[in-house]
Amino acid sequence: MKKEFEVISQIIKNNKRVLDVGCGDGTLMEYLKNNQQNDVRGLEPQKEFVQKCISKGLSVIEGDAEKELSQFQEKSFDYVVLSQTLQAFFNPEEVLNHLLRIGKQTIVSIPNFGYWKVRLHLLFKGTMPITKNLPNEWYNTPNLHMCTIKDFVNFCNKKNIKIDKSMCLTNEKISEITSKNMGSKNIFSQLGIFLIE
Amino acid sequence: MPGLAGLFFCLIMNSELKNIKKLIVDKSLELDCGKIIKNFPVAYETYGTLNKNKDNAILAFHALTGDQFCTNINPITKREGWWKTAVGPEKAIDTNKYFVICANVIGGCMGSYGPKETNPATNKLFGTTFPVITIRDMVKAQKYLIDHLGIKKLLAIIGGSMGGMQVLQFAALYPDMSYSAIPIACSASHSAQNIALNELGRQAIMADPNWKKENASPDKGLAVARMAAHITYLSKKSLEEKFGRKLQDKESLKFSFDADFQIESYLRYQGSSFVDRFDANSYLYITRAMDYFDLEKQFKGKLSLAFKNTKSKFCVISFSSDWLYPTIENKEIVIALNTCGANVGFVEINSDKGHDSFLLDVPEFLKTVREFLNSTYNEIKK
């Protein structure tokens, strides 16, 4: 399991209800179900992934988060997880509002566009950055709304979203983001992980 | 003398019908129409072996024209079972592992209480004096069978089309009687389009002059009903691919109303072979039951209330080219289940074979069913 999922699973307490939005092949769900006795559900747009999840015994619904989230009841999950997908929505703000409505707490991870390699790529090469976390060209990337760790924190502050925990991954190492180290984390981390409500 | 031959065939069928498994339900059942029935037969078949714990039983519900013989050779019609693609040893619904139960719905014509049976009060066939039955009545009748077999909790309830409606109704009536539920290509409320198509079939039957005659069956009407219905089970693409504008055993158009096109010939065959195995009045009653099905209305306009107490894990399946029970109608079921916090998975299978996909060899579909059952079974064995 990738480091990001380890971090997310550590945030999630045992025996809680979890909705994984964009759950992929269900790796995180499976871990949470088997190791933390979480009651897990998933939403995933890709058929092949949904079938894979169902065959693992995971209850996953095929569907697009931008259309399907409205059917979930208010605070019907203890946690809603959105892993590295926020930037790919047409309307990330609306999706985020749904997540906050459905979950008592929401865990969002974002690829950091402020990462130094991304910055240097644009600065020196003058072309849209391509990195390990952002492997696509500008014309075929699913990412419509890239943001930096700083952007996301600013957004939460502006929208009165409470940040309970903010972590980042720097070369697979986990650390906490504080107001003091924000500047450097925003340069050196590839991924931000936030627990919000 | 087709009439006599038909009668002869009927007699053979009736004598063979005596040898099929039947439960005579000695309890009374109040039908939705208000009539109370007692001592009525439910014909059924089982496949595989019920284990010691009695926790490997799967109840499969048949669709409009199906019966209890879901796999192997149907001993009455001598044709292959309607779900031979899915049910059998090592198949998706593996009879080496599971005990599969399938009952003929009441209103049907394969030995269960239906219009083709004799009314004990008059000693005549019920025919159109048979009471109008509903999906809920069908499901309640089958519950007696499950009780009779001594099964407290089924591993799964599964069915496509009208079978799927029975799955939903069963789950709503008996929220803790099945570990899992697999409604396939169905709807929680029959749509106007589907009622219209069923009405078309019924009118075809009732327009046949033989319909009201004694000792005659409205074969022509029933065949037309089947032809019309059969089109709705296929997709435009599959018709195009299979038949296109190909001609039947001829080089050029004949400028007549014979079956010039292969599709015509195919439909005529579908119609004529159907009347050998199905009762026209059963067709009327069962299509009516489908039309009356409105689970939402049963629960005061809120479908999620139907599943409020359900303990089952659901796997809802639809097919991309099914225009009779389209994905959007299946999704309404998913939304209702989600709304009440039930455990539900959903997948739309890509298939260009239309509504019939659930009966055909569609590997992705069969794989999903197999693996869902497998995971459910492993979970309860933990």
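Residues numbered from 1 in each chain as written. Chains lettered and ligands numbered in written order. Predicted model: local features only at pLDDT ≥ 70, side-chain atom pairs only at ≥ 80, totals over all residues.

Moving on: the overall build of chain A. Helices and strands together make up the secondary structure of chain A, namely eight helices and eight strands. Against the 2.2 N^0.38 benchmark of 16 Å for 197 residues, chain A shows a C-alpha radius of gyration of 16 Å, consistent with a compact globule. Dimensions of chain A, computed from the C-alpha atoms along their principal axes, are close to 50 × 35 × 30 Å. Counting every position in chain A, which comprises 197 residues, the buried fraction comes to 41%. Taking the contacts inside chain A whose residues are at least 6 apart along the sequence as the reference set, 62% of them involve residues at least 24 apart. (Helix = DSSP H or I, 4+ residues; strand = E, 2+ residues; numbered from the N terminus. Rg over C-alpha atoms; globule rule 2.2 N^0.38 Å. Buried ≥ 20, exposed ≤ 12 C-beta atoms within 10 Å, placed from the backbone. Contact = placed C-beta atoms within 7 Å.)

What chain B contains, in helices and strands, is twelve helices and 14 strands. Against the compact-globule benchmark of 21 Å for 382 residues, chain B has a radius of gyration of 21 Å, which places it among compact chains. With the C-alpha coordinates aligned to their principal axes, the bounding extent of chain B is approximately 65 × 50 × 40 Å. Taken over 382 residues, chain B has a buried fraction of 50%.

Our next topic: the interface of chain A and chain B. Counting from both sides, the interface comprises 15 residues of chain A and, opposite them, 21 residues of chain B. Only α3 (47-55) and β3 (59-62) of chain A provide two or more residues apiece to the side of chain A that touches chain B. Considering only residue class, the side of chain A that touches chain B consists of five nonpolar, seven polar and three charged. (Nonpolar A, V, L, I, M, F, W, Y, C, P; charged D, E, K, R; others polar.)

It is worth spelling out the domain arrangement of chain B at this point. By convention, interface size is frequently given as the accessible area that disappears when the constituent parts associate. All names here are of chain B. Here the domain parsing of chain B yields domain 1 (15-192 + 295-381) and domain 2 (196-285). Taken over C-alpha atoms, the centre of domain 1 sits 26 Å from the centre of domain 2. In this assembly, 22 residues from domain 1 lie in contact with 13 residues from domain 2. Across the side of domain 1 that touches domain 2, the residue classes break down as eight nonpolar, ten polar and four charged. (Domains from an automatic or database assignment.)

To continue, consider the pairing of β3 of chain A. All names here are of chain A. A two-sided burial pattern is seen for β3, the buried positions comprising S59 and I61 on one face and V60 and E62 on the other. With four bridges joining them, strand β2 (residues 39-44) and β3 adopt parallel strand pairing. Bridge pairing in β3 links R41 to S59. The β-α-β motif built from β2, the intervening α3 and the parallel element β3 has right-handed crossover chirality. (Pairing = 2+ DSSP bridges. Right-handed = clockwise from strand over helix to strand, strands pointing away.)

The next thing to look at is the packing of helix α5 (residues 219-233) of chain B against helix α7 (residues 262-275) of chain B. Residues and elements named next belong to chain B. Contact geometry for α5 and α7: axes closest at 8 Å, N-to-C directions at 130°. Classified by the interaxial angle, the pair formed by α5 and α7 is oblique. Viewed along their axes, α5 and α7 form a crossing whose handedness is right-handed. Listed contacts from α7 to D219, L222, A223, V224, R226, M227 and H230 of α5 are L267, Q270, G271, S272, F274 and V275. Of the residues in the contact of α5 with α7, the class split is seven nonpolar, four polar and two charged. (Axes fitted to C-alpha atoms, helices over the stretch in contact; angles between N-to-C directions. Parallel < 35°, antiparallel > 145°, perpendicular 65-115°, else oblique. Left-handed = near helix turned anticlockwise from the far one by under 90°.)

Where α3 of chain A contacts helix α12 (residues 363-381) of chain B, the two axes come as close as 7 Å, and the packing angle between them is 30°. Between α3 of chain A and α12 of chain B, the angle is such that the two are roughly parallel. Along its contact with α3 of chain A, which presents Q51, I54 and S55 of chain A, the element α12 of chain B presents E364, T368, E371, F372 and S375 of chain B. Broken down by class, the residue content of the contact of α3 of chain A with α12 of chain B amounts to two nonpolar, four polar and two charged.

Time to look at the confidence of the model for chain B. Residue and element names in this part refer to chain B. Considering every residue of chain B, the mean pLDDT works out to 94; 95% of them sit at 70 or more. Long-range and interchain partners of residues 1-12, a stretch whose pLDDT sits below 50, account for three contacts in this model, where long-range means more than four residues apart. Scored as a complex, the prediction yields pTM 0.93 and ipTM 0.90. (pLDDT = per-residue confidence, 0-100.)

Residues and elements named next belong to chain B. Most of strand β11 (residues 154-160) is tucked away: seven of the seven residues are buried. Of the strand pairs in this sheet, strand β5 (residues 57-61) and β11 are connected by four bridges, and their pairing is parallel. Pairing of I58 across the sheet is with A156, part of β11. Where β11 lies against strand β12 (residues 178-184), six bridges are found, and the strand directions are parallel. Directly across from I157, in β12, lies its bridge partner A181. In the classification by handedness, the crossover that spans β11, the intervening helix α3 (residues 162-173) and the parallel β12 is right-handed.

So, about the nonpolar core. Residues and elements named next belong to chain B. Counting 163 residues, the largest nonpolar core has I58, A60, V100, L154 and I182 as its most contacted members. Counting contributing residues per domain, this core is built from domain 1 (15-192 + 295-381) and domain 2 (196-285), each supplying no fewer than three. Beyond its immediate sequence surroundings of up to four residues, I58 is in contact with I93, Y98, V100, I101, L154, L155, A156 and I158. (Core = buried A, V, L, I, M, F, W, Y, C linked by C-beta atoms within 7 Å.)

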